[in-house]
Amino acid sequence: MAFARHAQVDRKVLDRWAEAGWLSPRQNSTGQRFSEVDLARAYLIRDLQKLGVNDDSIPIVLDLVDQLHGLRQVLRELLLAMKLQQQGQDGT
Amino acid sequence: MAADPYTVLGVKKDASQDEIQKAYRRLAKKLHPDLNPGNKKAEEQFKEVSAAYDLLGDADKRARFDRGEIDASGTERPQQRYYRDFAEGGSQYTSDAGFADFAGADDIFSQFFGREGRANIRMRGSDVHYRLELDLLDAINGDKRQVTLPDGTVLDVHIPAGTRDGQILRLRGKGRPGIGGGPPGDALVEIEVRPHRFFTRKGDDIHVELPISLSEAVLGGKVQAPTPSGIVTMTVPKWSNTGTVLRLRGKGVPRVDGSKGDELVTLKVMLPEKPDPELEKFVAHWRGTYSPRQAMEV
């Protein structure tokens, strides 16, 4: 599969990570479909392993990274809303 | 050309495999884009560090590199898409566990921090800013350009004739998408006009310095002059001195109303580049009483 080759991650490994709950690929009629965001997450897992993060710690790191992205997203929306409100007051 | 992998990792040539791994881990922790999503500069450095470690982290590859059998450029990686590029737009993985407790309050914050509130909020997307460099003539005569946005989409930018340096072109609806069905923002393209070899623009007029020969200056005649829209023939009057300004009407910058600015040609009398014995002999016989420095009282 081109995707796994590109990620330098074996398809069997991807399936194992999905089973462990580290990846949540979409299901379709032919089985699991790994999308680009799954690929990028697989890269991150591979890099974490190279950094010496052991398998027990990987889900903890992933969870914190996901929370961080959730917070960054909300912060961005909040800043944008404040900017728009400011612009509304300035009448620009 | 890739940098020396030992330098990139900051280790000596005789470092042990263990030291190399430690150096890589120390750098990668600081530089990994997904672990430092706010640091956009770290990405390039992380790429270098990873490439260096791909080479030196493997004892066989390292030995072959040390013997000169392979070089560092062989390890350059293909462009990697990082998780942060997807995660922040919201994916199945995005988690609100970091702020779910803020959502209970019955105030403005619940709009943002509650999932439900966020689904209802409707906002215009933000504007995005780009810079586009143009040659002076393309800006004056108008042009079409394609701008590739960071997300890979290609934008057609129509440069209207007469575009100025620093002008901002607004492309409606080409900015970031709106939130909750809100309209998208605009793309704002700031134009930077590169200076031209001999044309300068002042307002809607074009200034150019035109060299003429001694005989053209003394006797006058027809000379060819460049304008932004092409070469034209103009008449140099008899006794035209250096600094004489001639106006070519309508040869300047097009205006929005369809009219055009002028081109102002400043003449500059040039002697031949190589000494001309015939001219020297001729001038030696010329008895002039004119003193050009009279006004300076010298």
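Conventions adopted
Residues numbered from 1 in each chain as written. Chains lettered and ligands numbered in written order. Predicted model: local features only at pLDDT ≥ 70, side-chain atom pairs only at ≥ 80, totals over all residues. Helix = DSSP H or I, 4+ residues; strand = E, 2+ residues; numbered from the N terminus. Contact = placed C-beta atoms within 7 Å. Pairing = 2+ DSSP bridges. Axes fitted to C-alpha atoms, helices over the stretch in contact; angles between N-to-C directions. Nonpolar A, V, L, I, M, F, W, Y, C, P; charged D, E, K, R; others polar. Core = buried A, V, L, I, M, F, W, Y, C linked by C-beta atoms within 7 Å. Buried ≥ 20, exposed ≤ 12 C-beta atoms within 10 Å, placed from the backbone. Parallel < 35°, antiparallel > 145°, perpendicular 65-115°, else oblique. Left-handed = near helix turned anticlockwise from the far one by under 90°.

1. Some details on the overall build of chain B
So, point 1. If you tally the helices and strands in chain B, you get 10 helices and 11 strands.
So, point 2. Relative to all contacts within chain B whose residues are 6 or more apart in sequence, the contacts with residues 24 or more apart total 52%.

2. Digging into the sheet that holds strand β4 (residues 168-171) of chain B
All names here are of chain B.
So, point 1. As summarised here, the arrangement of the three strands in space is β1-β5-β4, forming an open sheet in which the pairing is mixed. One side of each edge strand has no neighbouring strand; the edge strands of this open sheet are β1 (128-135) and β4. For this sheet the average axis-to-axis angle between neighbouring strands, irrespective of direction, equals 25 degrees.
So, point 2. Two strands pair when backbone bridges link them, and β4 and strand β5 (residues 187-194) are joined in this way by four bridges, in the antiparallel orientation. Within β5, the position partnered with Ile168 by the bridge is Glu190.

3. A short note on the interface of chain A and chain B
So, point 1. Between chain A and chain B, the residue contacts involve 26 residues of the former and 31 residues of the latter.
So, point 2. When residues in the side of chain A that touches chain B are grouped by element, the largest group, 16 residues, is from helix α4 (residues 58-90) of chain A.
So, point 3. The residue inventory of the side of chain A that touches chain B, partitioned by class, reads 13 nonpolar, six polar and seven charged.

4. Observations concerning the nonpolar core
So, point 1. By size, the foremost hydrophobic cluster in this structure holds 18 residues, and its most contacted members are A:Trp17, A:Ala40, A:Ala42 and A:Ile45.
So, point 2. A per-element tally of this core places helix α3 (residues 36-50) of chain A first, with seven residues.
So, point 3. Those residues within four positions of A:Ala40 in sequence are excluded, and the remaining contacts are B:Arg81, B:Tyr82, B:Tyr83, B:Asp85 and B:Phe86.
So, point 4. Core analysis: the second largest hydrophobic core is formed by 17 residues, B:Ala23, B:Val49, B:Ala52 and B:Ala72 among them.

5. Quick look at the packing of helix α2 (residues 17-31) of chain B against helix α3 (residues 42-56) of chain B
Residue and element names in this part refer to chain B.
So, point 1. One can describe the packing of α2 onto α3 by two numbers: an axis separation of 10 Å at closest approach and a directional angle of 160 degrees. With respect to each other, α2 and α3 are oriented roughly antiparallel. Where α2 crosses over α3, the handedness of that crossing is left-handed. Within the contact between the two elements, α2 uses Ile20, Tyr24, Leu27, Ala28 and Leu31 and α3 uses Ala42, Gln45, Phe46, Val49, Tyr53 and Leu56.

6. Things to note about the sheet that holds strand β6 (residues 200-202) of chain B
Residues and elements named next belong to chain B.
So, point 1. Across the sheet, which stays open at both edges, the four strands sit in the order β6-β7-β11-β10 with mixed pairing between neighbours. Among the strands making up the open sheet, the edge pair consists of β6 and β10 (245-248). Direction aside, the axes of adjacent strands within the sheet are offset by 35 degrees on average.
So, point 2. For β6 and strand β7 (residues 205-213), the ladder comprises three bridges, and the chain directions are antiparallel. Across the sheet, residue Arg201 finds its bridge partner in β7, namely Ile206.

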